[in-house]
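Next come the chains, spelled out residue by residue.
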Amino acid sequence: MPDRVLVTGGAGYIGSVVTSQLLKKGSEVIVFDNLSNGHKAAVPSPAKLVVGETSDRAALDQVFKKYRIDAVIHLAASIEAGESMKFPEQYFRNNTANSLSLLEAVLAHKVTRFVFSSTAALFGTPDRTPIEETDPLHPTNTYGESKLLVERMLDWFHRIHGLRYACLRYFNAAGATSDQGEDHHPESHLIPLILQVALGKRESISIFGTDYATPDGTCVRDYIHLSDLASAHLLVLDALREKDKLIYNLGNGRGFSVREVIETARRVTGHRIPVREVARRPGDPAILVASSEKIRRELNWQPQYANLEDIVRSAWDWFRAHPYGYVAPATAHKASKSRSAAAPKKKSARPKKRA
């Protein structure tokens, strides 16, 4: 019988592509998502969507009982490093505490395989690049710390309860497939923000810090296409049938500076893309590049999108084909008019702070 896989965050940017690949492989997929950042339209058929919170143990128990889950791929999380330094309590609640609720359900229902979508932010400011799996873990933001605590829980659950698990550490998921792409509100990731400038949705792109110890003074990051990222999740899920514990870094093995990404987008789109240079954000290391040699060697993981231009072009193609994201044009226009009507009339009015 096919695997019955629970994908938390399966309506999100990465989770929807993981779900698609699982379906193509013949798995039965149950998506569990609160739709705070995900979209119903991103969930491919015939996956089953259950709207709920990972903090809701009763709802989780119901899903595990009803669908007799064989394995879990856990992607649901808050992911903004900058935001985590303003609201750390939200990150420890959503990423750490809610993961514990999920793991308690996993143990209660005797699910033996668990794939955790982690982050290379665990390494903080690395001692060397590319970063290897055995390098020291010392996060510089609470996002990374919230994920590290989950990895530590998984290690103890493995030792005490025998839970088989895999952790995948990566930095910047990017790109799109023909059917699924990035649609966050608000958007905070570099490549879609740059492409929004080319689409005329914003005037310029901000560079946060130009005085880092890098060749052009801007941060250097590793970018991985979400299809390659999804395929790695499927590989480790299968490998856990025989392996007890797997920890892998995922990446292209080379980094690109913010200025290099902007230049690549200029070539792909033909747009000049104006730039604003602003102050650094707290918690941003200068260089983050992951080595993926271990998963290539052990599981024969072969990324199909190693070139940054191919990654950016796939995102650009999706944005041009889906200018309103997953929202229908008429609905998007209506929502835009509603926001405009609700906007304060006085020029001196300040926007409300996020609670």
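Residues numbered from 1 in each chain as written. Predicted model: local features only at pLDDT ≥ 70, side-chain atom pairs only at ≥ 80, totals over all residues. Heavy atoms only, no water.

Q: So what about the overall build of the chain? Which residues, and what values?
A: The helix and strand inventory of the chain stands at 11 helices and 14 strands. For the chain, whose C-alpha radius of gyration is 20 Å, the value lies close to the compact-globule estimate of 20 Å for 355 residues. The C-alpha extent of the chain, read off along each of the three principal axes, is 55 × 45 × 35 Å. Going through the 355 residues of the chain one by one, you find that 53% of them count as buried. (Helix = DSSP H or I, 4+ residues; strand = E, 2+ residues; numbered from the N terminus. Rg over C-alpha atoms; globule rule 2.2 N^0.38 Å. Buried < 20%, exposed > 50% of the residue type's maximum accessible area, 1.4 Å probe, protein only.)

Q: Give me the lowdown on the environment of D310, citing residues and values where you can.
A: Secondary-structure assignment places D310 in helix α10 (residues 308–321). For D310, a relative accessible area of 39% gives the class partly exposed. On a C-alpha basis, the gap between D310 and L246 in space is 29 Å, while along the polypeptide they are 64 residues apart.

Q: Which residues make up the confidence of the model for the chain, and what values go with them?
A: When pLDDT drops low, the exact placement of atoms in the prediction is not to be read closely. Across the chain, the average pLDDT comes to 91, with 92% of residues at or above 70. In the predicted structure, residues 336–355 sits below a pLDDT of 50 and forms 6 contacts with residues beyond four places in sequence or in another chain. (pLDDT = per-residue confidence, 0-100. Contact = heavy atoms within 4.5 Å.)

Q: Give a detailed account of the sheet that holds strand β5 (residues 113–117), specifying residues and quantitative values.
A: Reading across the sheet, the 7 strands line up as β3-β2-β1-β4-β5-β6-β11 and stay open at both edges, with parallel pairing between neighbours. Two strands lie at the open edges of the sheet, namely β3 (48–51) and β11 (245–249), each paired on one side alone. Strand-to-strand twist of the sheet, defined as the mean angle between neighbouring strand axes without regard to direction, takes the value 15 degrees. Alignment of strand β2 (residues 28–33) against β3, held across 4 bridges, turns out to be parallel. Paired with V31 across the bridge in β3 is L49. Here helix α2 (residues 57–67) sits on the sheet in contact with β1 (4–8), β2, β3 and β4 (71–74), set at roughly 170 degrees to β2. Helix α7 (residues 226–239) rests against β1, β4, β5, β6 (164–169) and β11 of the sheet, and its axis sits at about 155 degrees to β5. (Pairing = 2+ DSSP bridges. Axes fitted to C-alpha atoms, helices over the stretch in contact; angles between N-to-C directions.)

Q: Can you break down α10 residue by residue, with the values?
A: Taking 1.5 Å as the rise per residue, α10 with 14 residues should run 20 Å; its terminal C-alpha atoms sit 20 Å apart, in good agreement. By the burial criterion, the buried members of α10 are L308, I311, V312, S314, A315, W316, W318 and F319. Summarising the contacts, the buried residues of α10 are in contact with β7 (172–174), α6 (190–198), β10 (223–225), β12 (256–257) and α8 (258–269). Measuring from the side-chain oxygen of the N-cap residue of α10 to the backbone nitrogen of E309 gives 2.7 Å; that N-cap residue is N307. (Expected span 1.5 Å × (residues − 1). Polar contact = N/O pair within 3.5 Å; in protein donor to acceptor, adjacent residues only side chain to side chain.)

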